[in-house]
Amino acid sequence: EGPSRPIIRLAVPMSGVRRAWSVVARNVAFAALIAMLVAAALAIWLSVGTTRAVADLARTARRLGDGDLTARAHANTDGELDALAGALNTMAQNLSAMNDQQERDAAHLRAILAQMADGVLVLAPDETIRVFNLAAGRMLATDPAAAVGRGLSEVPLDYEVQELARRTLRLQTPG
């Protein structure tokens, strides 16, 4: 066999290894605790911001649903909630524009009805008077402003006129 080689054995006492391991374990546990606290704080911060944004969107949607077309959403999240806020705001603008157009059309129709020489009486299916122009008021000796919104039987009209209106409603054709 050949010449033997010397073997060198280096060792550290086990108590030193345990001390070193204890320091490493303590440092790792401390770092993990700090990382968890930072993660929890970050999660809370993000969830509070998201919760506020969702609450603002819900509040805006409620106001729009109640008819306040000036309500606008402000998500400030740089994500899907911002896109939702933008869509909600666009919808509010479109509804407002449609509402304005409808009001202009209604005013135009009222002006035309007020100037007509023919009497116009429009009833809803439940016999509620929806339109009663000035010419109809003169012909039927009834105040149009007092008649609109009331039931046909609540307005002092000639019996024949009421029956003609009811028959027209039943047949859904002009009498």
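Up top you'll find the structure we're talking about.
Here the structure is a predicted model, which is why all the values come from computation and not from measurement.

## Observations concerning the overall build of the protein chain
Right, on to step 1. Helix and strand counts for the protein chain stand at five helices and two strands.
Right, on to step 2. When its helices and strands are written in sequence order, the protein chain yields α-α-β-β-α-α-α.
Right, on to step 3. Seen along its three principal axes, the alpha-carbon backbone of the protein chain occupies a region of about 135 × 35 × 30 Å.
Right, on to step 4. In the protein chain, once contacts between residues fewer than 6 apart in sequence are set aside, the share between residues at least 24 apart is 24%.
Right, on to step 5. In the structure as shown, the protein chain presents an accessible area of about 13200 Å², 61% of it carried by carbon and sulfur atoms.
Right, on to step 6. Positive and negative side-chain charges of the protein chain, numbering 18 and 18 respectively, have mean locations separated by a distance of 19 Å.

## Brief notes about the layout of surface pockets
Right, on to step 1. The computed volume of the largest pocket comes to approximately 320 Å³.
Right, on to step 2. Surrounding the largest pocket, 15 residues form its lining, L121, V161, L164, A165 and T168 being those nearest its centre.
Right, on to step 3. Elements represented by at least two residues in the lining of the largest pocket include exactly strand 1 (121-123), helix 3 (134-140) and helix 5 (159-171).
Right, on to step 4. Counting residues per element, the lining of the largest pocket draws most heavily on helix 5, at five residues.
Right, on to step 5. Looking at side-chain class alone, the lining of the largest pocket contains eleven nonpolar, four polar and no charged residues.
Right, on to step 6. Considering only enclosed or pocket space, the second largest pocket measures out at about 190 Å³ in volume.
Right, on to step 7. Along the walls of the second largest pocket sit L109, R110, L113, A114, R130, V131, F132, N133, L134, P144 and V148, which together make up its complete lining.
Right, on to step 8. Taken together, the elements giving at least two residues each to the lining of the second largest pocket come down to helix 2 (80-115) and strand 2 (129-132).

## Quick word on unusual backbone geometry
Right, on to step 1. Of note, E127 is a non-glycine position whose phi angle comes to about 70°, a positive value.
Right, on to step 2. Taking relative accessible area as the criterion, E127 reaches 23% and is therefore assigned partly exposed.
Right, on to step 3. Residue A141 is not a glycine yet carries a positive backbone phi of 55°.
Right, on to step 4. Tracing the sequence through the fold places A141 in the loop between helix 3 and helix 4 (144-147).

## Here's the deal with helix 1 (residues 14-65)
Right, on to step 1. Compared with the 76 Å implied by 1.5 Å per residue over 52 residues, the 74 Å span of helix 1 between its first and last C-alpha is a close match.
Right, on to step 2. Along helix 1, the residues that are buried comprise G16, A53, D56, L57, T60 and L64.
Right, on to step 3. Along its buried surface, helix 1 packs onto helix 2.

## Some points on helix 5
Right, on to step 1. Across its 13 residues, helix 5 extends 18 Å between first and last C-alpha, which sits within 8% of the 18 Å expected from 1.5 Å per residue.
Right, on to step 2. Of the positions making up helix 5, those classed as buried are Q162, A165 and R166. Looking straight down helix 5, one finds that the buried residues subtend no more than 95° of arc, so they occupy a single side. Opposite the buried face of helix 5, by more than 90 degrees, sit the exposed residues E160 and L171.
Right, on to step 3. The inward-facing, buried residues of helix 5 contact strand 1.
Right, on to step 4. A positive phi of about 55° marks Q172, the residue just after helix 5.

## Examining the nonpolar core
Looking at soluble globular proteins, one finds that nonpolar side chains tend to be buried together.
Right, on to step 1. Of all hydrophobic cores here, the largest spans eleven residues; its members are A53, L57, L64, L69, A71, A73, A75, L81, A85, L88 and A92.
Right, on to step 2. For this core, the element with the highest residue contribution is helix 2, accounting for four residues.
Right, on to step 3. Core analysis: the second largest hydrophobic core is formed by nine residues, L123, L152, L157 and A165 among them.

The rules we used
Residues numbered from 1 in each chain as written. Predicted model: local features only at pLDDT ≥ 70, side-chain atom pairs only at ≥ 80, totals over all residues. Heavy atoms only, no water. Helix = DSSP H or I, 4+ residues; strand = E, 2+ residues; numbered from the N terminus. Contact = heavy atoms within 4.5 Å. Areas by Shrake-Rupley, 256 points an atom, 1.4 Å probe, with all protein chains shown as cover. Lys, Arg positive; Asp, Glu negative; His and termini not counted. Charge placed at Lys NZ, Arg CZ, Asp CG, Glu CD. 1 Å grid on protein atoms, 1.4 Å probe; cavity = no way out; pocket = protein on both sides within 12 Å on 5 of 7 lines; lining within 4 Å. Points joined across faces, edges and corners; volume = space filled by probe spheres on them. Nonpolar A, V, L, I, M, F, W, Y, C, P; charged D, E, K, R; others polar. Buried < 20%, exposed > 50% of the residue type's maximum accessible area, 1.4 Å probe, protein only. Expected span 1.5 Å × (residues − 1). Arc of directions from axis to C-beta. Core = buried A, V, L, I, M, F, W, Y, C linked by side-chain atoms within 4.5 Å.

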